[in-house]
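# Breakdown of the fold
Residue-level listing of the chains:
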Amino acid sequence: MLVIVENDYDIMCQVAAKMIVDRLRKKPNLVLGLATGSTPLGLYKELIRYHREEGLDFSKVTTFNLDEYIGLPPTHNQSYAYFMQDHLFRHINISPEKIHIPQGMFGNISITAFETDPVVTDFCRWYEQEIATAGGIDIQILGIGGNGHIAFNEPGSSLGSRTRVKTLTKKTRIDNARFFSSMEEVPKYAITMGIGTIMEAREIILLANGPGKSWAVKTSIEGPVTAMCPASMLQMHRKSNVILDQAAASELSAEFIAYG
Ligand code: F6R
């Protein structure tokens, strides 16, 4: 695990963008795993800047997003499909057919049947198959939840899990309520790549900023590998990079830190 601590969020995002740009210049048909949420916003801005100012070409890139809320159509302004269009895809020259985001709408399936309904389980299997057909993910971008989740793999998720439906914890729903007008509107379920799916990416870049992430960062990097802190599984990955700002790194023991 390479832990890089930068002075602030902007530099963190520039460093992450540079890593992706270097990989993309070497491999124009890069397969990129993408995250949503507040954390990667600066990184996406930087990638857009590279595209506009330096002509960085995304036309051969394939993307797979980590997760999507269940029950929100792609036109809903809090769906992750909408987020990705708004913050990245419509600003770069990516081919729409190379974009993959888990489906969030499954018709009239009852909430209690989500985990077992064949329409949903077939979709999850298809998503995994699409990743395999694309040759696997070259670089996966991750944020981290204040509770140590990666994608929507909440504490207690199997470390070998694959794409499936997960119930969001109360903490995650409270954390994400800032994007909705009321707590009732925050979805209770999401479809998410599993920890096993994420671990198969050839390289991982996890970004975390702000004091709300310091506990999760410390527990993931210095704690034992445990399903109770899903991001701790990254300790087992052969090529994981963790890029932090000072606040997110504030609980780490100094000897673990390589200053960027
Ligand atoms: C989003 C995702 C989540 C977020 C995490 C942090 O696709 O997979 O795991 O990365 O909840 O969210 P922010 O960045 O909003 O703090």
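For the structure, check the block above.
As a starting point, this report considers the structure included with it. (Residues numbered from 1 in each chain as written. Predicted model: local features only at pLDDT ≥ 70, side-chain atom pairs only at ≥ 80, totals over all residues. Heavy atoms only, no water.)

Lining the immediate surroundings of the ligand are 14 residues, of which Thr39, Asp67, His149, Ala151 and Lys213 lie closest. Contact distances for the ligand include 2.4 Å between an oxygen atom and a side-chain N or O atom of Thr39. In this structure, an oxygen atom belonging to the ligand sits 2.7 Å away from a main-chain N or O atom of Ala151. Relative to its unbound accessible surface of 410 Å², the ligand loses 93% to contact with the protein. Of the residues contributing to the shell around the ligand, the split by class is 4 nonpolar, 7 polar and 3 charged. (Near = heavy atom within 4 Å. Polar contact = N/O pair within 3.5 Å; in protein donor to acceptor, adjacent residues only side chain to side chain. Areas by Shrake-Rupley, 256 points an atom, 1.4 Å probe, with all protein chains shown as cover. Nonpolar A, V, L, I, M, F, W, Y, C, P; charged D, E, K, R; others polar.)

A few words now on the packing of helix H2 (residues 41-54) against helix H3 (residues 80-87). At their nearest, the axes of H2 and H3 sit 10 Å apart, and the two run at 40° to each other. Relative to H3, H2 is oriented oblique. Contacts from Leu41, Tyr44 and Ile48 of H2 reach H3 at Phe83, Met84 and His87. (Axes fitted to C-alpha atoms, helices over the stretch in contact; angles between N-to-C directions. Helix = DSSP H or I, 4+ residues; strand = E, 2+ residues; numbered from the N terminus. Parallel < 35°, antiparallel > 145°, perpendicular 65-115°, else oblique. Contact = heavy atoms within 4.5 Å.)

Below, the discussion takes up unusual backbone geometry. The phi dihedral of Ala151 falls on the positive side, at around 50°, and the residue is not glycine. Judged by relative accessible area, Ala151 falls into the buried class, the value being 7%. (Buried < 20%, exposed > 50% of the residue type's maximum accessible area, 1.4 Å probe, protein only.)

Following both chains from N to C, one finds helix H1 (residues 9-26) and H2 inclined at 50°, their axes separated by 8 Å at the closest point. Considering their axes alone, H1 and H2 lie oblique with respect to each other. In terms of crossing hand, the pair formed by H1 and H2 is right-handed. On H2, the residues that touch Tyr9, Cys13, Gln14, Ala16, Ala17, Lys18, Ile20, Val21 and Arg25 of H1 are Leu41, Gly42, Leu43, Glu46, Leu47, Tyr50 and Glu54. (Left-handed = near helix turned anticlockwise from the far one by under 90°.)

Moving on, we get to the pattern of salt bridges. Tallying each qualifying case throughout the model produces 14 salt bridges. With its nearest N and O atoms 3.0 Å apart, the salt bridge here joins Arg49 to Glu46. Placement of the pair is Arg49 and Glu46 together in helix H2, with a separation of 3 residues, close to one helical turn. Between Asp122 and Arg125 there is a salt bridge, with the nearest N and O atoms lying 3.2 Å from each other. Taken as a pair, Asp122 and Arg125 lie in helix H4 (residues 118-133) at a separation of 3 residues, close to a single helical turn. (Salt bridge = Lys/Arg side-chain N within 4 Å of Asp/Glu carboxyl O.)

In terms of nonpolar packing, the biggest core is built from 42 residues, with Val120, Leu142, Met193, Ile198, Leu206 and Leu244 touching the most fellow members. Put simply, the parts of the chain that give this core at least two residues each are strand S1 (2-6), H4, strand S8 (189-192), helix H6 (195-199), strand S9 (203-208), helix H7 (214-222) and strand S10 (240-245). With 5 residues, the top contributor of residues to this core is H4. Apart from residues lying up to four places away in sequence, Val120 is in contact with Phe106, Ile109, Phe114, Val165 and Ile191. Counting 32 residues, the second-largest nonpolar core is a separate cluster that includes Leu47, Phe58, Ile101 and Leu207. (Core = buried A, V, L, I, M, F, W, Y, C linked by side-chain atoms within 4.5 Å.)

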